[in-house]
Amino acid sequence: MFAATVLTLYPEMFPGPLGVSLAGKALGEGKWSLDAVNIRDFAIDKHRTVDDTPAGGGAGMVLRADVLAAAIDSVADDRPILAMTPRGTPLTQARVRDLASGPGAILLCGRFEGFDERIFDGRQVEQVSIGDYILSGGEMGALVLLDACIRLLPGVMGAPSSGVDESFETGLLEYPHYTRPQEWEGRTIPEVLRSGDHARIDAWRKAQAETDTRLRRPDLWERHEGARVKSPSGARQKKDE
């Protein structure tokens with residue numbers, strides 16, 4: 001079972017949105033577990049202090065390594081430890097799949113100016129970012145990461161194939177979707193999707209995914225093209241062109 005432990009100053013934020021919809025149902029069915037641990041419980045003074053001023057000066061406060069280490073040590077096992085921070089490695093669908101296939105994760109949520117840097121090496125903590133923007137704390141990032149993992153667990157999504165053609169699974173953005181009514185405000189569903197010709201539909205979807213990726217995410221497209229050219233099939237294609 002996928003076991004999630006969140007180390008946070010605000011345990012009341014969990015399960016939050018993970019307590020409803022597919023994730024909430026799976027939690028109730030025991031397909032995954034969640035434990036929110038208050039970092040402040042590991043403070044060493046009567047005021048339950050978890051932070052201090054930055055060494056070298058500067059604004060804000062920094063979470064103390066000794067307090068964080070005590071919190072981590074209380075729950076540490078064979079699960080990876082991930083700190084949610086904008087200084088981390090961008091989260092990818094590949095990393096999500098890797099985490100979802102494992103025993104779970106311990107997530108460390110920062111606040112204030114962030115973490116004492118020594119905690120990362122001292123406890124082998126992986127730094128993870130969910131995007132190039134700043135949040136008030138790591139809790140929202142932890143919710144995002146957990147939701148991405150939980151939906152991939154066996155039995156959580158209705159059909160096992162639901163996640164196969166989604167954005168990032170093949171290195172491309174997902175193709176656009178349509179449903180009834182056939183016409184809405186003068187806009188119609190593309191004819192090819194109504195043709196019943198599955199080969200044409202597959203080709204159209206592939207072309208749309210490639211076009212959207214190239215226009216909206218040139219960074220993804222460049223990596224996709226690079227991987228395609230390096231592959232044996234890609235090399236043959238380039239030679240034949």
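Here's a quick rundown of the structure. Fair warning: this is a prediction, and the values are worked out from it, not measured in the lab.

1. A word on the pattern of salt bridges
Point 1. One pass over the full model with this rule turns up 14 salt bridges.
Point 2. A salt bridge links Arg64 to Asp66; its shortest N-O distance comes to 2.6 Å.
Point 3. In this structure, a network of salt bridges that share partners links the residues Arg95, Asp98 and Glu126.

2. Some words on unusual backbone geometry
Point 1. Cis geometry is found at the peptide bond from Phe14 to Pro15, where omega equals 5°.
Point 2. Looking at the secondary structure, you find Pro15 in the loop between strand 1 (2–8) and helix 1 (21–28).
Point 3. Note the cis peptide between Arg180 and Pro181, where omega equals 5°.
Point 4. When you line up the elements, Pro181 lands in the loop between helix 5 (139–150) and strand 8 (183–184).
Point 5. Look at Gln124: it is not a glycine, yet its phi comes out positive at around 50°.
Point 6. Tracing the chain through its elements places Gln124 in the loop between helix 4 (118–122) and strand 7 (126–129).
Point 7. The class for Gln124 is exposed, based on a relative accessible area of 64%.

3. A word on the nonpolar core
The tendency in soluble globular proteins is for nonpolar side chains to be buried as a group.
Point 1. Residues Trp32, Leu145, Leu146 and Ile150 are the most contacted members of the largest nonpolar core, which totals 28 residues.
Point 2. If you list the elements that add at least two residues to this core, you get strand 1, helix 1, strand 5 (81–90), helix 3 (93–100), strand 6 (104–109) and helix 5.
Point 3. With 7 residues, helix 5 is the largest single contributor of residues to this core.
Point 4. In contact with Trp32, not counting residues within four places along its chain, are Met1, Phe2, Ala4, Leu18, Ala23, Ala26, Leu27, Ile150 and Leu153.
Point 5. Listed in part, the 21 residues of the second largest apolar core include Leu63, Ala69, Phe120 and Val125.

4. Quick look at helix 6 (residues 198–216)
Point 1. Compared with an ideal rise of 1.5 Å per residue, which puts 19 residues at 27 Å, helix 6 spans 26 Å between its outermost C-alpha atoms and is within 8% of the ideal.
Point 2. What helix 6 keeps buried is the set Ile201, Trp204, Ala209, Asp212 and Thr213. Buried residues of helix 6, seen end-on, are gathered within an arc of 160° and therefore sit on one face of the element. What points out from helix 6, more than 90 degrees from its buried face, is the exposed set Ala199, Lys206 and Leu215.

5. Digging into the sheet that holds strand 2 (residues 32–38)
Point 1. Sheet architecture is open: 5 strands sit in the order 2-1-6-5-7, paired in parallel fashion. In the strand order of this sheet, the two ends are held by strand 2 and strand 7, each with one partner. Within the sheet, the average angular offset between the axes of one strand and its neighbour, ignoring direction, is 35°.
Point 2. As paired elements, strand 5 and strand 6 share 4 bridges and run parallel to each other. By the bridge assignment, Leu82 is partnered in strand 6 with Leu107.

Thresholds applied
- Residues numbered from 1 in each chain as written.
- Predicted model: local features only at pLDDT ≥ 70, side-chain atom pairs only at ≥ 80, totals over all residues.
- Heavy atoms only, no water.
- Salt bridge = Lys/Arg side-chain N within 4 Å of Asp/Glu carboxyl O.
- Helix = DSSP H or I, 4+ residues; strand = E, 2+ residues; numbered from the N terminus.
- Buried < 20%, exposed > 50% of the residue type's maximum accessible area, 1.4 Å probe, protein only.
- Core = buried A, V, L, I, M, F, W, Y, C linked by side-chain atoms within 4.5 Å.
- Contact = heavy atoms within 4.5 Å.
- Expected span 1.5 Å × (residues − 1).
- Arc of directions from axis to C-beta.
- Pairing = 2+ DSSP bridges.
- Axes fitted to C-alpha atoms, helices over the stretch in contact; angles between N-to-C directions.

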